[in-house]
Structures are given as structure tokens and as C-alpha cells.
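Overview (structure and organization)
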Amino acid sequence: MTTAGLVSQADDATKVTTAGSVRQADAGTIVTTVGSVSQADAGIGVTGDGRTTDAAGQGMTIWLTGLSGAGKSTIASLLTDRLNKLGIAAEWLDGDELRRVLGKGLGFSREDRFENIRRAVYLAEMLNRHGVVAVVSLISPYTEMRDYARQTLPRFAEVYVDCPLEVCEARDVKGLYAKARRGEIPSFTGISDPYETPPDPELTLNTAGQTPEENVNTLLAWLTEHASLQVNK
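Procedures and definitions
- Residues numbered from 1 in each chain as written.
- Predicted model: local features only at pLDDT ≥ 70, side-chain atom pairs only at ≥ 80, totals over all residues.
- Heavy atoms only, no water.
- Axes fitted to C-alpha atoms, helices over the stretch in contact; angles between N-to-C directions.
- Helix = DSSP H or I, 4+ residues; strand = E, 2+ residues; numbered from the N terminus.
- Parallel < 35°, antiparallel > 145°, perpendicular 65-115°, else oblique.
- Left-handed = near helix turned anticlockwise from the far one by under 90°.
- Contact = heavy atoms within 4.5 Å.
- Nonpolar A, V, L, I, M, F, W, Y, C, P; charged D, E, K, R; others polar.
- Salt bridge = Lys/Arg side-chain N within 4 Å of Asp/Glu carboxyl O.
- Buried < 20%, exposed > 50% of the residue type's maximum accessible area, 1.4 Å probe, protein only.
- Phe/Tyr/Trp six-rings, centres within 6.5 Å; stacked < 30°, edge-to-face > 60°.
- Lys NZ or Arg CZ within 6 Å of the ring centre and 35° of its normal.
- Pairing = 2+ DSSP bridges.

**A look at the packing of helix α1 (residues 72-85) against helix α7 (residues 212-227)**
Two elements in contact, α1 and α7, have axes separated by 9 Å at closest approach and are oriented at 55 degrees. Looking at the two axes, α1 sits oblique to α7. In the crossing of α1 with α7, the sense of the turn from one axis to the other is right-handed. Contacts between α1 and α7 involve Thr74, Ile75, Leu78, Leu79, Arg82 and Leu83 from the former and Pro212, Glu213, Asn215, Val216, Asn217, Leu219 and Leu220 from the latter. Its residues placed into classes, the contact of α1 with α7 shows eight nonpolar, three polar and two charged.

What follows is the structure, given as C-alpha cells:
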């Protein structure tokens with residue numbers, strides 16, 4: 001399920017992380033795991049549209065976390081498109097769409113936000129098992145949520161989409177931040193609810209000073225170096 005919805009503060013709520021060096025010999029997908037990894041013996045398949053998948057289930061999750069309006073969805077959409085064009089099976093799980101389709105009835109209490117995370121992690125894990133790279137864009141405001149994703153997903157990379165609050169507010173065409181400041185939206189991340197900055201993400205992207213295309217190039221370069229990214233020419 002590749003989604004292409006607009007970002008709203010309410011629907012972002014997750015993260016992922018890896019630690020360690022990664023090697024991917026003779027494979028056609030991205031692989032990241034905790035520790036040192038070799039994938040020389042993994043089976044590789046190809047989808048009907050020519051995209052590479054790993055029959056052994058060696059997919060990974062790229063988890064973009066940050067404030068509403070930071071640029072997570074823009075980067076996730078561009079990255080997914082670039083990966084698919086490079087011959088790598090990838091799907092985008094967008095926070096807005098996940099909540100709209102699978103999160104009906106969930107509010108924005110800490111527990112409801114966590115439940116939204118659990119559902120996103122479940123979908124990402126399913127995609128990874130079939131060799132698909134899951135690109136997740138969710139606010140993921142609390143450390144414990146990101147720790148849950150880290151512990152549940154065996155291969156994942158946390159990407160902190162860093163953007164100053166005032167820039168996020170200036171970008172907010174929906175006026176959600178203004179409503180939050182007037183008290184019309186409770187538990188709004190960055191205003192009346194905290195965002196706990198990741199202490200040690202795999203990668204930090206600055207969206208105030210870099211274009212989305214530049215950030216995607218940075219992310220792809222990181223994946224190539226740290227995940228031995230192989231692509232179909």
C-alpha cells in the first residue's frame with residue numbers, strides 16, 4: 001500500500017532505528033540490522049513490474065520522525081519513488097492515510113498514539129518479510145514509541161527530519177498550529193504535547209536549509225554506504 005496523503009500533525013506517530021555495520025553481498029534489496037550482517041545467501045526475486053524483492057524476507061524499514069510540517073511525507077514520497085525507479089521494491093506508509101484507513105476511532109491520547117504506532121509497525125514488518133522496503137512517515141513524538149519500533153523491527157533505520165518549530169508553523173497551510181495555540185486542538189505535538197527529539201538517529205535531515213530533493217539524495221547516499229544498496233540499472 002503506497003499512500004500519498006498530505007501530512008497532518010495528528011497522524012504522524014512513529015519511528016525506527018538500526019545500529020551497526022551492514023553488508024549486502026549478492027542481494028538486490030536494502031538490508032540493515034543490528035550488528036554486522038552479510039546477505040550472500042539470500043534468495044532474490046523480481047516483482048511483475050521488474051522491481052527487486054528478497055525472497056528471504058530481507059527488507060528494511062526507513063522511519064522518518066519529526067514535527068508536523070517538518071517535511072516527512074514529502075521526503076518519504078520522493079524516496080519511495082526513487083527506490084522503485086532504481087529497481088527496489090518500496091512502499092510508503094503515510095501517517096495520515098494509516099489513521100484514515102486503519103485508525104478510525106483512535107484519538108490522540110498517549111495510548112491511542114501508541115496503538116497507531118503498533119499498527120504501522122505491524123504493516124512495516126509484513127512488508128519487510130516479503131523483501132519490501134517500508135518507508136514510514138510518522139511524527140512518533142515519544143521515545144518509548146520509537147523504542148518499541150526499534151525492538152520489534154529487526155532491520156530499520158531512524159531518520160530524524162529536523163525543522164525548527166517556527167518554520168513548521170509557517171508552512172502550516174491548514175492552520176493546525178494556530179488552532180493549537182488557541183487551545184482548539186488538544187495534545188498537539190510541539191505546542192501542548194511534547195516531541196522528544198531522537199538522541200541518536202541513524203541520520204538527521206535538515207529541511208529548513210535543504211530542499212526535499214537534496215535530502216533524498218543525502219538519504220540515498222547514506223543507504224548506499226551503510227546498507228550496500230544494489231539497484232537494477
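**Description of the pattern of salt bridges**
Side-chain pairs of opposite charge can arise whenever the charged atoms involved come near each other. Scanning the model with the defined rule gives 10 salt bridges in all. A salt bridge links Glu115 to Arg119; its shortest N-O distance comes to 3.1 Å. Of the two residues, Glu115 and Arg119 both sit in helix α3 (residues 110-129), four residues apart, roughly one turn of that helix. What emerges from the salt-bridge pattern is a single network uniting Glu111, Glu115, Arg118 and Arg119.

**Structural notes on the pairing of strand β4 (residues 90-94)**
Looking down a regular strand, the side chains alternate between one sheet face and the other. Burial analysis of β4 places five of its five residues in the buried class, which makes it a mostly covered element. Across the two faces of β4 the burial is the same, with Ala90, Trp92 and Asp94 and Glu91 and Leu93 all buried.

**Notes on the packing of aromatic side chains**
Scanning the model with the defined rule gives three aromatic pairs in all. Geometrically, the ring pair formed by Phe114 and Tyr148 is edge-to-face, given 5.6 Å between the ring centres and 75 degrees between the ring planes. Here Phe114, found in helix α3, pairs with Tyr148, found in helix α4 (residues 143-152); they are 34 residues apart in sequence, far enough to count as distant. Residue class for Phe114 comes out buried when judged on its relative accessible area of 10%. Of the residues examined, Tyr148 reaches a relative accessible area of 26% and is grouped as partly exposed. Between Tyr177 and Phe188 the ring centres are 4.9 Å apart and the planes differ by 70 degrees, which places this aromatic pair in the edge-to-face class. Of this pair, Tyr177 sits in helix α6 (residues 176-181) while Phe188 sits in the loop between α6 and β7 (203-206), and the two are 11 residues apart along the sequence. Owing to a relative accessible area of 1%, Tyr177 belongs among the buried residues under this scheme. Sitting over the face of the ring of Tyr142, Arg110 holds its NZ or CZ atom 3.8 Å from the ring centroid.

**Focus on the sheet that holds strand β3 (residues 61-65)**
Pairing within the open sheet is parallel, and its five strands lie in the order β4-β5-β3-β6-β7. Either end of the sheet is taken by a strand with one partner, and the two such strands are β4 and β7. Taken over all neighbouring pairs, the strand axes of this sheet differ in orientation by 20 degrees on average, direction set aside. Here four bridges tie β3 to strand β5 (residues 133-137), and the two strands are oriented parallel to one another. Residue Thr61 lies in a different strand from β5, and its bridge partner there is Ala134. Relative to the sheet, α4 contacts β3 and β6 (156-162), its axis offset from that of β6 by approximately 155 degrees.

**Side note on the packing of helix α2 (residues 95-102) against α3**
In the contact formed by α2 and α3, the axes pass within 11 Å of each other and the chain directions differ by 100 degrees. Our classification of the angle between α2 and α3 gives roughly perpendicular. Here Leu98, Arg99 and Leu102 of α2 come into contact with α3, specifically with Asn116, Arg119, Ala120 and Leu123. Partitioning the contact of α2 with α3 into residue classes produces four nonpolar, one polar and two charged.

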